[in-house]
Amino acid sequence: YSVPAQVQDGVHLPFSLAFLCIILNVSANNRLQWLLENGPMSYLGKISYGIYMYHLMIIPACVWIFGKLLHVHDDWQFTVIVYLSSIAATIAVSALSYALFENRFIRMKHTFTKVKSGIPLNAKSDKK
C-alpha cells in the first residue's frame, strides 16, 4: 500500500505541534528549563557538533560490524543492538573529539576574535 506524497508531507504537522509545545513549555516553565540546562543534557549540548558530524559515519559502521557478527539484518534484536551501539559510539567519539580536538580550538578562538562573544551579562566591560 502506497501513501500519496501529499499525505506523507502531512506527517510533519504533528511533529511540528509537539515540538512547539516543548519549546513553549521550556521557555515558560523554569523546572523544564533547569532540566535541559543541567547535567547530561548540557554535556550533550556541548558535544552536539561532534554528534552531528560523526553519526553519519558511525551508524553505517555499526550496521556493518553487527551485520558481520550476527549474520542477521531484519531481526528486531539486530535493530535494537544497532540503535543502542550507534548512540553509545556516537556519544563516545564525540566526547573524545571534544576533549582532544575541539576544545583546543575553542580556547584559541578568544585570541583571534575581534568581537568577544559569550561574555556573561553581569561581567564588567572594558569600556570606561
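Residues numbered from 1 in each chain as written. Predicted model: local features only at pLDDT ≥ 70, side-chain atom pairs only at ≥ 80, totals over all residues. Heavy atoms only, no water.

(A) Main features of the overall build of the chain. In terms of regular secondary structure, the chain is built from six helices and zero strands. Along the chain, from the amino end to the carboxyl end, the secondary structure elements read α-α-α-α-α-α. Total accessible area on the chain is roughly 11,100 Å²; 69% of this is exposed by carbon and sulfur atoms. (Helix = DSSP H or I, 4+ residues; strand = E, 2+ residues; numbered from the N terminus. Areas by Shrake-Rupley, 256 points an atom, 1.4 Å probe, with all protein chains shown as cover.)

(B) Molecular detail of the confidence of the model for the chain. Predicted confidence across the chain gives a mean pLDDT of 82, with 83% of residues reaching 70 or more. The least confident element of the chain is helix H1 (residues 5-9), whose mean pLDDT is 65; the most confident is helix H5 (residues 48-70), at 93. (pLDDT = per-residue confidence, 0-100.)

(C) Quick look at a nonpolar patch on the surface. Together, Leu96, Leu100, Phe101, Phe105, Met108 and Phe112 line one region of the surface with nonpolar side chains, adding up to about 700 Å² of accessible area. Inspection of the secondary structure puts Phe105 in helix H6 (residues 76-112). The class of Phe105 is partly exposed, set by a relative accessible area of 47%. (Patch = residues over 30% accessible without salt bridge, like charges linked within 9 Å, V, L, I, M, F, W, Y side chains within 5 Å. Salt bridge = Lys/Arg side-chain N within 4 Å of Asp/Glu carboxyl O. Buried < 20%, exposed > 50% of the residue type's maximum accessible area, 1.4 Å probe, protein only.)

(D) Representation of H6 in the model. Here H6 is 37 residues long and its end C-alpha atoms lie 51 Å apart, about the 54 Å a rise of 1.5 Å per residue gives. Within H6, burial applies to Phe78, Val82, Ser85, Ser86, Thr90, Ser94, Ala95, Ser97, Tyr98 and Glu102. Where the residues of H6 are buried, they touch helix H4 (40-46) and H5. (Expected span 1.5 Å × (residues − 1). Contact = heavy atoms within 4.5 Å.)

(E) Structural detail: the packing of H5 against H6. At their nearest, the axes of H5 and H6 sit 7 Å apart, and the two run at 140° to each other. The angle between the axes of H5 and H6 places the two elements in the oblique class. H6 is crossed by H5, and the crossing has right-handed handedness. Taking contact as the criterion, the partners of Tyr49, Gly50, Ile51, Tyr54, His55, Ile58, Ile59, Cys62, Val63, Phe66, Gly67 and Leu70 in H5 are, on H6, Phe78, Ile81, Val82, Ser85, Ser86, Ala89, Thr90, Val93, Ser94, Ser97 and Glu102. Among the residues forming the contact of H5 with H6, the class breakdown is 14 nonpolar, eight polar and one charged. (Axes fitted to C-alpha atoms, helices over the stretch in contact; angles between N-to-C directions. Parallel < 35°, antiparallel > 145°, perpendicular 65-115°, else oblique. Left-handed = near helix turned anticlockwise from the far one by under 90°. Nonpolar A, V, L, I, M, F, W, Y, C, P; charged D, E, K, R; others polar.)

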